[in-house]
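Structural overview for review
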Amino acid sequence: MATIVFVHAHPDDEAIATGGTMAKMADGGHRVVLVTATRGELGELPAGGLDPGETLTERRVAELDEACRILGVARQVFLGYLDSGMAGEADNQRPGSFASADVAEAGGVLAGILEEEDADVLVTYDEHGGYGHPDHVQVHRVSMAAADMAGTPVVYLATMNRDFMASLAERAEESGWTPPDRDPEDLKTMGEPAARLTTDVDVTAWIDRKRASMRAHASQISDDSFFLAMPRTSSPWSGAMSGTSGSGRPWARGPPASTRAR
Ligand SMILES: [Zn+2]
């Protein structure tokens, strides 16, 4: 039984990026701890509006609580920084924003949690935060600093298999699932190439839990979002797309996993 600390930028990232892995690890008897850098203050306003007197932060914290319950998270902690908004926005540098935080200082706070938990494994993002969001990039920097400070023995970088994503887009027609309406060039910088991946977590059996945790974040993930519109089990690839492909540190340490389209 291990203690695994997952670090994420905003409420909902844990569900989207590593929800299947978290549920799988919790079911396996491991202690799953979630550290969330911000409360996602700059997220979308819920389609149905907020309740009278309710703030977006309160809504998102409540949604996160529910997602944690669904995923079997034993403890959730906020680092207490502010959401920095999307890349290039002025909020990136506002006082208290996570993206502008001092890496050693934030790393020190996270290291304290890693030590308190006697963490065996830390799961964070790859060097570009999967897709370049400044808070996600900062999660990587801060996590790596913290792991060094705390001497956490194993670090995985949760990412997406870029080659697999490209093959998904090519097969969109036969699968009936339409990929997000993004510039196809984006796919070339999403995640990491298959050759860099060392680990592929099969979360096929945890897809329903992952989806339920995403639904808990209803203010941010609508029912018709492309995440929830993905075929559930009829497709051979839902597990890989929803799983965590990570890498030990440094990247080259383990043998590259073969690209498995499941
Ligand atoms: Zn995020």
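Thresholds applied
Residues numbered from 1 in each chain as written. Predicted model: local features only at pLDDT ≥ 70, side-chain atom pairs only at ≥ 80, totals over all residues. pLDDT = per-residue confidence, 0-100. Contact = placed C-beta atoms within 7 Å. Core = buried A, V, L, I, M, F, W, Y, C linked by C-beta atoms within 7 Å. Buried ≥ 20, exposed ≤ 12 C-beta atoms within 10 Å, placed from the backbone. Helix = DSSP H or I, 4+ residues; strand = E, 2+ residues; numbered from the N terminus. Expected span 1.5 Å × (residues − 1). Arc of directions from axis to C-beta. Pairing = 2+ DSSP bridges. Axes fitted to C-alpha atoms, helices over the stretch in contact; angles between N-to-C directions.

1. Quick word on the confidence of the model for the chain
Per-residue confidence for the chain gives a mean pLDDT of 83; residues scoring 70 or more make up 81%. Counting contacts from residues 233-262, a segment whose pLDDT is below 50, to residues more than four positions away or on other chains yields 84 contacts.

2. A look at the nonpolar core
Residues Val-5 and Val-32 are the most contacted members of the largest nonpolar core, which totals 50 residues. If sequence neighbours within four positions are ignored, Val-5 has contacts with Val-33, Val-35, Ile-113, Leu-114, Glu-117, Ala-119 and Leu-122.

3. Side note on helix H3 (residues 103-117)
With 15 residues, H3 extends 21 Å between its outermost C-alpha atoms, agreeing within 8% with the 21 Å of an ideal straight helix rising 1.5 Å per residue. Among all positions in H3, only Ala-106, Gly-107, Leu-110, Ala-111, Leu-114 and Glu-117 are buried. One side of H3 carries all its buried residues, which in axial view fall inside an arc of 140°. Away from the buried face of H3 by more than 90 degrees, exposed residues Ala-104, Glu-105 and Glu-116 are located. Looking at the buried residues of H3, the elements they touch are strand S1 (3-8), strand S2 (31-38), strand S3 (75-81), strand S4 (121-125) and helix H4 (134-150).

4. Things to note about the sheet that holds S2
Taken together, five strands build an open sheet; the order of strands is S3-S2-S1-S4-S5 and the sheet is parallel. One side of each edge strand has no neighbouring strand; the edge strands of this open sheet are S3 and strand S5 (154-158). When the angles between neighbouring strand axes are averaged without regard to direction, this sheet yields 20°. Summarising the sheet, S4 and S5 pair through five bridges and their orientation is parallel. Within S5, the residue paired with Thr-124 across the bridge is Leu-157.

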